[in-house]
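Below, each chain spelled out in residue letters.
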Amino acid sequence: MKKQENCKLIRKKEIAEGIFDFTIASDDIARETQCGQFLHINCGESTFLRRPISICDAHNGEVRFIFEVKGEGTKALAKKEIGDYIDVMGPLGHGFEIKPSVTKPIIIGGGIGVFPLYKLAKDLGNNATVFLGFRNQSRVVMENEFEAASALTIVGTDDGSYGYNGYIAAAMEGYLRMNDCDMIYSCGPMPMLKAVKKIAEVRDIPCQLSLEQRMGCGIGACLVCSCETNKEGTDRYAKVCTNGPVFYSEEVTLND
Ligand SMILES: Cc1cc2nc3c(=O)[nH]c(=O)nc-3n(C[C@H](O)[C@H](O)[C@H](O)COP(=O)(O)OP(=O)(O)OC[C@H]3O[C@@H](n4cnc5c(N)ncnc54)[C@H](O)[C@@H]3O)c2cc1C
Ligand code: FES
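From a predicted model like this one, the values you see are computed outputs, not experimental measurements.

This paragraph deals with the packing of aromatic side chains. Under the counting rule described, the total for this entry stands at eight aromatic pairs. Plain terms: the ring middles of F22 and F65 are 5.7 Å apart, the flat faces sit at 55° to each other, and that makes the pair tilted. Placement of the pair is F22 in strand β2 (residues 19-25) and F65 in strand β6 (residues 62-68), with a sequence separation of 43 residues. On the accessibility criterion, F65 (0% relative accessible area) is buried. Consider the rings of F22 and F67, whose centres lie 5.0 Å apart with planes at 85°: the pair is edge-to-face. Residue F22 is found in strand β2, and its partner F67 is found in strand β6; the two are separated by 45 residues along the sequence. Considered together, F22 and F67 belong to a single accessibility category, that of buried residues. Aromatic rings pair up to connect F20, F22, F65 and F67 into one cluster.

For the rest of this paragraph, the subject is the pattern of salt bridges. Summed over all chains, the structure comprises twelve salt bridges. D123 is the partner of K119 in a salt bridge, and the nearest nitrogen-oxygen pair spans 3.2 Å. Of this pair, K119 and D123 are both found in helix α3 (residues 116-123), four residues apart, which corresponds to roughly one turn of the helix. Residue class for D123 comes out partly exposed when judged on its relative accessible area of 37%. A cluster of three or more residues bridged by salt bridges with shared partners is formed by K3, D28, R31 and E32.

Per the domain assignment, the segments of the chain are domain 1 (4-92) and domain 2 (105-251). Here the C-alpha centroids of domain 1 and domain 2 sit 21 Å apart. Between domain 1 and domain 2, the residue contacts involve 25 residues of the former and 22 residues of the latter. Between domain 1 and domain 2, the buried area comes to about 1900 Å², and carbon and sulfur atoms account for 61% of it. Considering only the surface of domain 1 that becomes buried against domain 2, C35, F38 and C56 emerge as the three largest contributors, covering 24% of it. On inspection of domain 1 and its partner domain 2, the count reaches three salt bridges. The shortest N-O distance in the salt bridge between E145 and R64 comes to 2.7 Å. Mapped by element, the contributors of at least two residues to the side of domain 1 that touches domain 2 are β1 (4-16), β3 (38-42), β4 (51-54), β5 (57-59), β6 and β7 (85-92). Considering only residue class, the side of domain 1 that touches domain 2 consists of 13 nonpolar, six polar and six charged.

Basis of the calculations
Residues numbered from 1 in each chain as written. Chains lettered and ligands numbered in written order. Predicted model: local features only at pLDDT ≥ 70, side-chain atom pairs only at ≥ 80, totals over all residues. Heavy atoms only, no water. Phe/Tyr/Trp six-rings, centres within 6.5 Å; stacked < 30°, edge-to-face > 60°. Helix = DSSP H or I, 4+ residues; strand = E, 2+ residues; numbered from the N terminus. Buried < 20%, exposed > 50% of the residue type's maximum accessible area, 1.4 Å probe, protein only. Salt bridge = Lys/Arg side-chain N within 4 Å of Asp/Glu carboxyl O. Domains from an automatic or database assignment. Contact = heavy atoms within 4.5 Å. Buried area = accessible area lost by both parts, 1.4 Å probe. Nonpolar A, V, L, I, M, F, W, Y, C, P; charged D, E, K, R; others polar.

Here it is in structure tokens:
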């Protein structure tokens, strides 16, 4: 049975318009979290279902998550104030696999997909090359933190208003023409994940993708989060909440 806990909100900051950076107190979650796992959060007010939000960082009894206000749930969550208690379940899911044999990792994230990649960058020993893509300059977040947690961080915007001009997967593809890589880790919107999967497969680079699927229960009981997989040649469905959210790219069929 997954643990549910009421955790005190100890830090709150709006880091870009509608994007909130929360830190809650929990010794158990901070101790147990592996990078890429998520919390299933009761956002309060009239929202019935919990909402999945990735764990951005976890240490010393503190758990950080960052979310964009999208609809009813995240809007209610954003109203919580320091000192309030938040009902969370977690850490949930199967996170990123870190192999000691990997020496030239690339991390690539887009939009709200950059948040689970921060703890990954730190856990990789600050030696990854990181690509971060955002819609425009006003959406760019965590650049300095990723710079400190990586060997190199390249930021791009779809409209060219800041950094690399264009889709960030294209920036990564250009980098790969000149540099080696032995693992790609990615999280972001579906078109970006599809592009990353293709680039990895063409170059025969192992690749782990974190999927953001709509969820119900978050613990494997309702099938809302099913995704198509093709593990070892056998088509089947997997549950993103328990088998994922992180999968090797060759295991998953990415549908819109
Ligand atoms: C494993 C996982 C980790 C996530 N981590 C983060 C995170 O770190 N930060 C963050 O901001 N968001 C994250 N999300 C997305 C977040 O769960 C949704 O934005 C949130 O549930 C929306 O709830 P809402 O009530 O505010 O909006 P709703 O009213 O439920 O929906 C508003 C809009 O968001 C879309 N939406 C809802 N759920 C999802 C989803 N799961 N994926 C994509 N689009 C969705 C809806 O289609 C709709 O267009 C994550 C999702 C998953 C599955
Ligand atoms: S959300 Fe219920 S099975 Fe995954």
